[in-house]
Amino acid sequence: HLSIRRQRQMCIRDRDGDVVKGNRFYKEGNYEKAEESYRKAFTKTQSPVAGYNLGNTLYKRDEVEKALKAFDETIATTKDPELKTKALYNKAVLLHKSNRLNEAIEAYKQALRLSPDDDEVRKNLQIALRMQQKQKPEEQKKEQKQQQKQKEEQKKEQPKPCLLYTSDAADE
């Protein structure tokens, strides 16, 4: 989450205080009510902060795809580089945890371009890259096993030739 002061500065357009209400619900662990408040704020104002906080709330509720969508909306609508970096980072973390490493790596790289001194982003990018390298040999082994299995199945499926008929009567 962004600092309270930073959120207040960015939420001036949120006349009804829906983001503030959502933050209160979020801190209380009432993610359902927090989601309602953030959605209301986002619908009214297209507030990137509401979208970002909605993404965090959906993540807490294990709604990964919806959280990713909320972070994407934040990335697309915010002009604030700090908020965009945080949304990209959270998106990358979700993708990373979902083992969608190529997408995670790209999101980490985008976040790092916006915030090149962010050690946390850099560290997680390195972890994702190492995981990707480890997966490559495992994927190759898995692919080789699958190909071997297919060859064996093909051998079983092929018609077998008749054996030669070798009776003494036929020789005569």
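Above this text is the structure in question.
Summing up its helical and strand segments, the protein chain has nine helices and zero strands in all. Going residue by residue from the N terminus, the α and β elements of the protein chain occur as α-α-α-α-α-α-α-α-α. In the protein chain, buried positions account for 38% of the 172 residues. Contacts in the protein chain between residues at least 24 apart in sequence constitute 48% of all its contacts with a sequence separation of at least 6. Carbon and sulfur atoms form 48% of the exposed surface of the protein chain, whose accessible area is close to 11900 Å².

The subject of this paragraph is helix α7 (residues 101-114). Spanning 14 residues, α7 covers 20 Å between terminal C-alpha atoms, matching the ideal 20 Å at 1.5 Å per step. Along α7, the positions that sit buried rather than exposed are Leu101, Ala104, Ile105, Ala107, Tyr108, Ala111 and Leu112. The buried residues of α7 all sit within an arc of 165° when viewed along its axis, so they share a single face. Residues Asn102 and Arg113 are exposed on α7 and point more than 90 degrees away from its buried face.

About the cut-offs
- Residues numbered from 1 in each chain as written.
- Predicted model: local features only at pLDDT ≥ 70, side-chain atom pairs only at ≥ 80, totals over all residues.
- Heavy atoms only, no water.
- Helix = DSSP H or I, 4+ residues; strand = E, 2+ residues; numbered from the N terminus.
- Buried < 20%, exposed > 50% of the residue type's maximum accessible area, 1.4 Å probe, protein only.
- Contact = heavy atoms within 4.5 Å.
- Areas by Shrake-Rupley, 256 points an atom, 1.4 Å probe, with all protein chains shown as cover.
- Expected span 1.5 Å × (residues − 1).
- Arc of directions from axis to C-beta.

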